[in-house]
Amino acid sequence: MTRNLLGPITTLGCFRHRTGDIRMHILQSAAAISFSRSYCCALPRPAPHRKMGKNKKSSVPPEEHLLLPQHPGRPNPASAPIVDTHTHLLSTYSFYRSKYKAGKYETVYELVRALYEGRGVEAIVDVYCEATEDNTWQEVADSALTEEDRREKWGGLEYWFVMGVHPHEAKDYTDAIERKIIEAMSHPRCVGWGEMGLDYHYDNSPREVQQNVFIRQLKHAVRLGKPLTIHTREAEEDSERILKEHVPKDHRIHIHCYTDSPEWAARMLEHFPNLYIGITGVITYSTNVNTSEVIRRMAASSGAETPLRILLETDAPFMTPSNIYDSLKGLKGRLPHSHSAMIPWTAEFVAGVADEAAPEGAGWDTLKVMRESRDNAKRMYGV
Ligand SMILES: [Zn+2]
């Protein structure tokens, strides 16, 4: 079963999520495939700036459109490599298979090589956040152990991962799952613990259970010296209290897919000197104003020595940046999922917001945002 996503399509089967949610039923009809929102930062899918058009039935464009052109502000990809600090690779691949049943990429590696080669995608941090004892993670992580394998299987991509239990699934956290995560932490490609945290928007697990499981995971991660990938939504007070109580000030923290208040971000950035704010394509949606405000405040107060403390991420398969369609003129419809090569469009949007707010001459552009956040990814995850 672990070959599902990794081997040829002819061997693909399915595995059933332990809560009974059919996750990756790759050869089944689209109707049979359901994706738990726990994969991502779990916003209701925000409305992009542009309207979807009148057709209710959204058609999926030919898969060639997933192969992106170079971003106009970054014609030479090597000049500012992409590091996607939060992506769900296997669910992105499942999503791709569900949308393109006769799709040409038969393994996750083929998809990665096709979408990322030549686009300057240098590294990704893949996220496992389900409460499951499934061991697919190990097969994927082991396939990135040697430089030769990374070159041949991954097209030179530096594959890294983090693992934890999402607050949605806190109710399913067990000692056995915890042991599995602790074991994964010693894998040479593992760079952190998460995503974990609190989500009071959906309340998919009782709040008290979410808090207990969050604290349990934090204690282990801190003890092991592992960087933290945090998911927090509409739980500012409790997330702040728990983090300040259980995490040393200088610990490395990534608040992923940030959508909460600018004030909360400011307080956390001040208290934790090695904390970074994760920016996904959600910043480009008109339904979201907080994330741009966070950038605005950082840029307004930052001198050359205190750059934007952000990490760029996709949270793929979700959060396709809405400004990407400006570069895809021939495209009819919407792309069915996001992927790491979309990062420059998020960077472009961040640059626009930062440049407006920054003191004159700060010169924020796509390349500068990408380079700053690339440096931050190194500080945060060592990747
Ligand atoms: Zn995520």
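Residues numbered from 1 in each chain as written. Predicted model: local features only at pLDDT ≥ 70, side-chain atom pairs only at ≥ 80, totals over all residues.

*Asks:* Account for helix H2 (residues 108-116), naming residues and giving values.
*Replies:* Each α-helix turn comprises 3.6 residues. Residues three or four places apart therefore point the same way. Considered for burial, the residues of H2 that qualify are Val108, Tyr109, Leu111, Val112, Leu115 and Tyr116. Take H2 and look down its axis: the buried residues cluster within an arc of 160 degrees, on one side only. Contacts made by the buried residues of H2 are with helix H1 (89-99) and strand E2 (121-128). Looking one or two residues beyond H2, the residue adopting positive phi is Gly118, at roughly 80 degrees. (Buried ≥ 20, exposed ≤ 12 C-beta atoms within 10 Å, placed from the backbone. Helix = DSSP H or I, 4+ residues; strand = E, 2+ residues; numbered from the N terminus. Arc of directions from axis to C-beta. Contact = placed C-beta atoms within 7 Å.)

*Asks:* So what about the pairing of strand E4 (residues 190-199)? Which residues, and what values?
*Replies:* E4 sits mainly inside the fold: ten of its ten residues count as buried. Sheet analysis places strand E3 (residues 158-163) next to E4, joined by three bridges and oriented parallel. Residue pairing for E4: Val162 is matched across the bridge by Gly192. Looking at chain direction, E4 and strand E5 (residues 228-233) are connected through five bridges and run parallel. In the sheet register, Trp193 faces E5, and the bridge partner there is Leu228. Following the chain from E4 across helix H6 (residues 207-224) to the adjacent parallel E5, one finds a crossover that is right-handed. (Pairing = 2+ DSSP bridges. Right-handed = clockwise from strand over helix to strand, strands pointing away.)

*Asks:* Summarise the environment of Phe95; cite the residues concerned and give the values.
*Replies:* For Phe95, the position within the fold is in helix H1. Owing to 22 C-beta atoms within 10 Å, Phe95 belongs among the buried residues under this scheme. Residues Phe95 and Pro336 lie 241 residues apart in sequence; the distance between their C-alpha atoms is 8.0 Å.

*Asks:* Quick rundown of unusual backbone geometry? Include the residues and the values.
*Replies:* Look at the link from Gly194 to Glu195: it is a cis peptide, with omega at 5 degrees. Relative to the elements of secondary structure, Glu195 occurs in strand E4. Of the consecutive residues Ala316 and Pro317, the connecting peptide bond is found in the cis state with omega at 15 degrees. By secondary structure assignment, the location of Pro317 is in the loop between strand E8 (310-312) and helix H10 (343-357). The phi torsion at Asp203 lies on the positive side, around 50 degrees, for a residue other than glycine. Examined against the element boundaries, Asp203 turns out to sit in the loop between E4 and H6. Under the C-beta neighbour-count criterion, Asp203 is labelled partly exposed, with 14 such atoms within 10 Å. With a phi close to 60 degrees, Met319 is a non-glycine residue in the positive phi region. Looking at the element boundaries, Met319 is found in the loop between E8 and H10.

*Asks:* So, the pairing of E3: which residues are in play, and what are the values?
*Replies:* Within E3, five of the six residues are buried, leaving the element largely enclosed by the surrounding structure. Note: E2 against E3, six bridges, orientation parallel. By the bridge assignment for E3, Val127 is matched with Val162.

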